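One-letter residues, chain by chain:
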Amino acid sequence: MIELIPAIDIIDGSCVRLTKGDYDQKTVYGDPLEMARQFEQIGYRRLHVVDLDGAKSRHIVNDKILSRISSETSLTIDFGGGIKTDDDIGKAFEAGASMVTVGSVAVTNPEFLERWLKKYGAERIILGADVRKGFISINGWKEDSRQELLPFLKHYVDMGIKNVLCTEISKDGTLSGPAIPLYQSVMETYPHLHLIASGGVSSMDDIKELEAAGIPAVVFGKAIYEGRINLKELWDWQNASYRA
């Protein structure tokens, strides 16, 4: 059964969503803690939190909000955005993250990620693979690297990475449907990865298609806030599938 992971992106202390990672195309949806509480009350256990201020600033900014969410809910939180140094990753874990998502550093300072894998373990590290036109994008999606997705993943799979969050940037925040062929190509190449699909989810049908395609997990955000997905209905569908 596909793992359901609602998302909260944070700018200036508020829950927001961008379109294609564009900070000028921002919609504000309210208080992150209140959103997290709503997810927990329905029954969700996982939460993906992105510090968009941190991604832009290249260091963690919203660790206090992470701390509030982690201390006032029992959600298992993975946190990303602005994790560039030993101090940043330490702050994230101290603020209550169970896992961290690391993207740009994997391109710019791969020795950091190797060190963190050894220190914290592969279960607590998620490799962020943000893709635009087949290449990995970094620094809050402001820059494109020359690294292609599958060779990039191979390096870290060989190093022990088990969890990968893959975002198709052209789909993110567009409600245009997920990039299923992209995710299938990853799973065909690395079938043992715990791949988390991200970007473009617009409906329950999209999530059902991801499950049918064998994708282990999905992150979704804008479809929640725009009323495209009823969280209770989605949760009930998953639980019914488990029982069946």
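The structure under discussion appears in the preceding block.
Residues numbered from 1 in each chain as written. Predicted model: local features only at pLDDT ≥ 70, side-chain atom pairs only at ≥ 80, totals over all residues. Heavy atoms only, no water.

Q: Before we go on, may I ask you to explain the pattern of salt bridges in this structure?
A: Opposite charge on two side chains lets them pair, provided their charged atoms get close. Counted according to the given criterion, the structure contains 12 salt bridges. Measuring nitrogen to oxygen at the nearest pair gives 2.8 Å for the salt bridge that ties Asp-9 to Arg-17. Since its relative accessible area comes to 6%, Arg-17 is described here as buried. Of the charged contacts, one joins Arg-37 and Glu-34 as a salt bridge, the two residues approaching to 2.6 Å between their closest N and O atoms. Of this pair, Arg-37 and Glu-34 both sit in helix H1 (residues 32–42), 3 residues apart, roughly one helical turn. A relative accessible area of 26% places Arg-37 in the partly exposed class. In this structure Glu-34 comes out as partly exposed when scored by relative accessible area, which is 38%. A network of salt bridges, in which partner residues are shared, links Glu-3, Arg-46 and Asp-78. (Salt bridge = Lys/Arg side-chain N within 4 Å of Asp/Glu carboxyl O. Buried < 20%, exposed > 50% of the residue type's maximum accessible area, 1.4 Å probe, protein only. Helix = DSSP H or I, 4+ residues; strand = E, 2+ residues; numbered from the N terminus.)

Q: Is there a simple way to explain helix H8 (residues 180–189) in this structure?
A: Side chains that are three or four residues apart share a direction in an α-helix, a result of its 3.6 residues per turn. Taken residue by residue, H8 has Ile-180, Leu-182, Tyr-183, Val-186 and Met-187 as its buried positions. End-on, the buried residues of H8 take up no more than an arc of 160°, which puts them together on one face. Within H8, the exposed residues directed more than 90 degrees away from the buried face are Pro-181 and Glu-188. Those residues of H8 hidden inside the fold are in contact with helix H7 (149–159), strand S10 (163–168), strand S11 (194–198) and helix H9 (204–212). (Arc of directions from axis to C-beta. Contact = heavy atoms within 4.5 Å.)

The analysis is restricted to geometry; functional conclusions fall outside its scope.
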